[in-house]
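Observations on the model geometry
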Amino acid sequence: MTLSSFSLLITGVLLNAVAQLLLKAGTNAMPLGLRLALEPHIPRRPRLLRGERVVWVIALSRVPVSVAYPMLSIGYVVNAIAAWQLLGESLSALRLTGIGVIIAASFIVARS
């Protein structure tokens, strides 16, 4: 896998992770209901997801789907660490072990 292909995959993963974190931040800021649509974090999410889709289509044109799709699991790692840092969520030893497994598996797939 080339550096540019890997960069496209990581950019897509990061855009998706940020979109998910914005959704969580929005739901933390306001109770569920019609007013939630007015919460400032929520409207940013669709734009990020559209950008992620464009980047992902370009990445898929360069990388086999059997390599690209497993790279999405890096988003779990990003989300868990960002939620811990930004939202105060806990990271137990078991979760950290799972994150380690995801990182190792992603590395193996990227090198194959």
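The structure this text deals with has already been given above.
On a predicted model such as this, the values are computed, not experimentally measured, just so you know.

1. Focus: the overall build of the chain
A count of helices and strands for the chain gives five helices and zero strands. Counting helices and strands in the order they occur from the N terminus, the chain gives α-α-α-α-α. Seen through its C-alpha atoms, the chain measures out along the principal axes to roughly 45 × 35 × 15 Å. Nonlocal contacts in the chain, meaning residues at least 24 apart in sequence, comprise 69% of its contacts between residues at least 6 apart. Entry remark: accessible area of the chain is about 7100 Å², with carbon and sulfur atoms responsible for 69%.

2. Things to note about the side chain of Ser106
Looking at where Ser106 falls in the secondary structure, it is placed in helix α5 (residues 93–111). When sequence neighbours within four positions are dropped, the list of residues in contact with Ser106 reads Pro70, Met71, Ser73 and Ile74.

3. Things to note about a positive patch on the surface
A surface patch of like charges, here positive, comprises Arg44, Arg47, Arg50 and Arg53. Relative accessible area serves as the criterion here: at 39%, Arg44 is assigned to the partly exposed category.

4. Remarks on the layout of surface pockets
By volume, the largest pocket is sized at about 180 Å³. Contributing to the lining of the largest pocket are Met1, Phe6, Met71, Ile74, Val77, Ile102, Ile103, Ser106, Phe107, Ala110 and Arg111. Contributions of two or more residues to the lining of the largest pocket are made by α4 (74–87) and α5. No other element matches the six residues that α5 contributes to the lining of the largest pocket.

5. Thoughts on the nonpolar core
Grouped together as the largest cluster of nonpolar side chains are 12 residues: Leu8, Leu9, Val13, Val55, Trp56, Ala59, Val63, Val67, Ala68, Met71, Ile74 and Ala110. Elements with a contribution of two residues or more to this core: α1 (3–29), α2 (44–60) and α3 (65–71). The contact partners of Val67, leaving out residues within four places of it in the chain, are Met1 and Val109.

6. Description of the packing of α4 against α5
Where α4 contacts α5, the two axes come as close as 9 Å, and the packing angle between them is 145°. Crossing handedness for the pair α4 and α5: left-handed. Residues Ile74, Tyr76, Val77 and Ala80 of α4 touch α5, and the partners they reach there are Ile99, Ile102, Ile103 and Ser106. For the contact of α4 with α5, the class distribution of residues is seven nonpolar, one polar and no charged.

7. Section: the environment of Gly88
Within the secondary structure, Gly88 sits in the loop between α4 and α5. C-alpha separation for the pair Gly88 and Met1, spaced 87 residues apart in sequence, amounts to 35 Å.

Each value, and the rule that gives it
- Residues numbered from 1 in each chain as written.
- Predicted model: local features only at pLDDT ≥ 70, side-chain atom pairs only at ≥ 80, totals over all residues.
- Heavy atoms only, no water.
- Helix = DSSP H or I, 4+ residues; strand = E, 2+ residues; numbered from the N terminus.
- Contact = heavy atoms within 4.5 Å.
- Areas by Shrake-Rupley, 256 points an atom, 1.4 Å probe, with all protein chains shown as cover.
- Patch = residues over 30% accessible without salt bridge, like charges linked within 9 Å, V, L, I, M, F, W, Y side chains within 5 Å.
- Salt bridge = Lys/Arg side-chain N within 4 Å of Asp/Glu carboxyl O.
- Lys, Arg positive; Asp, Glu negative; His and termini not counted.
- Charge placed at Lys NZ, Arg CZ, Asp CG, Glu CD.
- Buried < 20%, exposed > 50% of the residue type's maximum accessible area, 1.4 Å probe, protein only.
- 1 Å grid on protein atoms, 1.4 Å probe; cavity = no way out; pocket = protein on both sides within 12 Å on 5 of 7 lines; lining within 4 Å.
- Points joined across faces, edges and corners; volume = space filled by probe spheres on them.
- Core = buried A, V, L, I, M, F, W, Y, C linked by side-chain atoms within 4.5 Å.
- Axes fitted to C-alpha atoms, helices over the stretch in contact; angles between N-to-C directions.
- Left-handed = near helix turned anticlockwise from the far one by under 90°.
- Nonpolar A, V, L, I, M, F, W, Y, C, P; charged D, E, K, R; others polar.

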